[in-house]
Amino acid sequence: MILDKFSLAGKVAIVTGASRGIGQKIAIALAEAGADIAGVARSQQEETKQAIEAVGRKFLAIQVDLTEKKAAEEVLKQTVSYFGKADILVNAAGIILRKNFIDFTEEEFDMVLKVNLKAVFLMSQVFARYLIENQRKGKIINIGSLLSFQGGILITPYTVSKHGVLGLTRAMANELAKYGINVNAIIPGYFETEMTAALRADPERNQKILDRIPMGRWGKPEELTGAAVFLASEASDYMTGSYIIVDGGWMSR
Ligand code: NAP
């Protein structure tokens, strides 16, 4: 039956950026669909843990900074020693810095690229190696952005990183398909999270953004979770190297 293909019962998912925002809502949704979750963030993930345990699933909080050396190995090691395996990886951790292109420092550029792109590369590589060595199939879901396609303003390193995430998604998909590993991206439009609080607090920017969104409103992180469950599940088995845009219509303007 079709709804059975969306079930994640018996699966284990690693979700980075699970302490708040989009990563948190995706982690909870995967748990609602039946998966146990290893959540990754620098801070405590008490809220995420409570929500996941409330739906009867297990949650392991892995407190690491993904820019630290060997962070990816540590995440995989903790997940497999706690749950015995891993089936799904969602790379949702991300940061943004806003300033003029001409004012960004080398350190700022490196920092955004480290979290948004290099950590995605390293997490995915460690996870894919584990799957291949253990002859397991798996799903990798990356979080891109409208800035995977557009230039944007005041966020050069972020734009570079998110263009990179889409390229990485496609490159990995090509090489990992033969192992039964699907790699896809979700492309969120403008969502109400801490990352976008400054934009929403600026009345002029906020209005300009709303004017361009056909639906005329910001997205809520919960509204991305259907796409995540689909990409994590058997329902998307013939989909790889691709993406789902969830943007209230922004890209159609
Ligand atoms: P958010 O609310 O700021 O959450 C970011 C998450 O990333 C937090 O859980 C944070 O946890 C984690 N994180 C950041 N740096 C980390 C590091 N060095 N190591 C480990 N974890 C780290 O942002 P969001 O809006 O939910 O964004 C989630 C993803 O969606 C990002 O990739 C973002 O680029 C993407 N996205 C967001 C929007 C939007 O409109 N909000 C649009 C397009 C794409 P800690 O601070 O606890 O470490």
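The chain goes by 2-deoxy-D-gluconate 3-dehydrogenase in an unreviewed UniProt entry, where it is assigned to Pseudothermotoga thermarum DSM 5069. UniProt, in its Sequence similarities (unreviewed entry) section for the chain, records the words "Belongs to the short-chain dehydrogenases/reductases (SDR) family."

Visitor: Quick question: what am I supposed to make of the overall build of the chain here?
Guide: Helix and strand counts for the chain stand at 8 helices and 7 strands. Taken over the C-alpha trace, the chain has a radius of gyration of 17 Å; the compact-globule value for 253 residues is 18 Å, and the two agree within 12%. Viewed in the frame of its principal axes, the chain has a C-alpha envelope of about 50 × 40 × 35 Å. Relative to its full complement of 253 residues, the chain shows a buried share of 50%. In the chain, the proportion of contacts linking residues at least 24 apart, taken out of those at least 6 apart, comes to 68%. If you sum the accessible surface of the chain, you get close to 12300 Å²; carbon and sulfur atoms cover 53% of it. In the chain, the 30 positive side-chain charges and the 28 negative ones have mean positions that sit 4 Å from each other.

Visitor: What am I meant to see in the environment of Ala71 here?
Guide: Relative to the elements of secondary structure, Ala71 occurs in helix H3 (residues 71-83). For the pair Ala71 and Ser236, spaced 165 residues apart in the sequence, the C-alpha separation amounts to 29 Å. Beyond its immediate stretch of four places on either side in the chain, Ala71 contacts Asp65 and Leu66.

Visitor: Quick question: what am I supposed to make of the site of the ligand here?
Guide: The environment of the ligand is formed by 30 residues, the closest being Ser19, Arg42, Ser43, Tyr158 and Thr193. Here an oxygen atom of the ligand and a side-chain polar atom of Arg20 are 3.0 Å apart. For the ligand, an oxygen atom lies 2.3 Å from a polar atom in the side chain of Ser43. Taken by itself the ligand offers 880 Å² of open surface, and the protein chains cover 96% of this.

Visitor: Just checking my understanding: could you explain the pairing of strand S6 (residues 181-188) for this structure?
Guide: Along a regular strand, successive side chains alternate from one face of the sheet to the other. For S6, a buried count of 8 out of 8 residues is recorded, marking the element as mostly surrounded by other parts of the structure. Side chains of S6 alternate between two faces, with Ile181, Val183, Ala185 and Ile187 and Asn182, Asn184, Ile186 and Pro188 buried alike. Note: strand S5 (residues 138-143) against S6, 6 bridges, orientation parallel. Residue pairing across strands places Lys139 opposite Asn182, the latter belonging to S6. A crossover links S5 with its parallel partner S6, the connecting element being helix H5 (residues 156-176), and its sense is right-handed. Two strands pair when backbone bridges link them, and S6 and strand S7 (residues 243-246) are joined in this way by 4 bridges, in the parallel orientation. Note on S7: the bridge partner recorded for Pro188 is Val246.

Visitor: Sorry if this is basic, but what is going on with the packing of helix H4 (residues 106-133) against H5 here?
Guide: Any two packed helices are characterised by the angle at which their axes cross and by the distance between the axes. Here H4 crosses H5 at 15°, and the two axes come no closer than 8 Å. What the angle tells us is that H4 and H5 run roughly parallel. Crossing handedness for the pair H4 and H5: right-handed. Facing H4, whose interface residues are Phe109, Val112, Leu113, Asn116, Leu117, Val120, Phe121, Ser124, Ala128 and Ile132, H5 presents Pro157, Tyr158, Val160, Ser161, Lys162, Gly164, Val165, Leu168, Met172 and Leu176. Here the residues of the contact of H4 with H5 sort into 15 nonpolar, 4 polar and 1 charged.

Visitor: Is there a simple way to think about the nonpolar core in this case?
Guide: In globular proteins that are soluble, nonpolar side chains generally tend to be buried together. Membership of the largest hydrophobic core comes to 34 residues, with the highest contact counts inside it found for Ile14, Leu66, Val75 and Ile140. Listed by contribution, the elements that provide at least two residues to this core are strand S1 (12-16), strand S2 (36-41), strand S3 (59-63), H3, H4, H5 and S6. The greatest single-element share of this core, amounting to 10 residues, is contributed by H4. Grouped together as the second largest cluster of nonpolar side chains are 32 residues, Ile28, Ile52, Met239 and Ile244 included.

Conventions and cut-offs
- Sequence order as written defines residue numbering, which begins from 1 separately in each chain.
- The predicted origin of the model limits local features to residues at a pLDDT of at least 70 and limits the giving and counting of side-chain atom pairs to 80 or more, whereas totals for whole chains, interfaces and linings rest on all residues.
- Only hydrogens and water are set aside; all other atoms, that is, all heavy atoms of the structure, feed into the side-chain values.
- UniProt positions are given in the numbering used here, feature names are shortened, and annotations may be inferred rather than shown by experiment.
- Secondary structure elements are defined from DSSP: runs of H or I of at least 4 residues count as helices, runs of E of at least 2 residues count as strands, and each element is numbered from the N terminus.
- Values of the radius of gyration come from C-alpha atoms, whereas the globule rule sets the reference at 2.2 Å times the count of residues to the power 0.38.
- Burial classes: relative accessible area under 20% of the type maximum marks a residue as buried, over 50% as exposed, and values in between as partly exposed (1.4 Å probe, protein chains only).
- Here, two residues are considered to be in contact whenever any of their heavy atoms come within 4.5 Å of each other.
- Each accessible area is a Shrake-Rupley result for a 1.4 Å probe, and residues are judged covered by the shown protein chains and nothing else.
- In this tally, Asp and Glu contribute negative charge and Lys and Arg positive charge; neither His nor the terminal groups of the chain are included.
- Every charge is mapped to an atom, namely NZ of Lys, CZ of Arg, CG of Asp or CD of Glu.
- Residues are classed as near a molecule or strand on a simple rule: at least one heavy atom within 4 Å of it.
- Contacts described as polar in this section are N or O atom pairs within 3.5 Å, which, within protein, must combine one atom able to donate a hydrogen with one able to accept it, while residues neighboring in sequence count only if both atoms come from side chains.
- A pair of strands is considered paired only if DSSP assigns at least 2 bridges between the two.
- Seen with its strands pointing away from the viewer, a crossover is right-handed when the path leading from the first strand over the helix to the second is clockwise.
- In this analysis, axes come from line fits to C-alpha atoms, helices being fitted only over the stretch in contact, and the angle between any two N-to-C directions falls in the range 0 to 180 degrees.
- For classification purposes, an angle smaller than 35 degrees is called roughly parallel, one larger than 145 roughly antiparallel, one from 65 to 115 roughly perpendicular, and anything else oblique.
- Left-handed describes a crossing whose near helix is turned anticlockwise from the far helix by less than a right angle; the clockwise case is right-handed.
- Following the grouping adopted for this structure description, the nonpolar residues are Ala, Val, Leu, Ile, Met, Phe, Trp, Tyr, Cys and Pro, the charged ones are Asp, Glu, Lys and Arg, and the polar ones are all others, Gly among them.
- Throughout, nonpolar core names a set of buried Ala, Val, Leu, Ile, Met, Phe, Trp, Tyr and Cys residues whose side chains join them through atoms within 4.5 Å.

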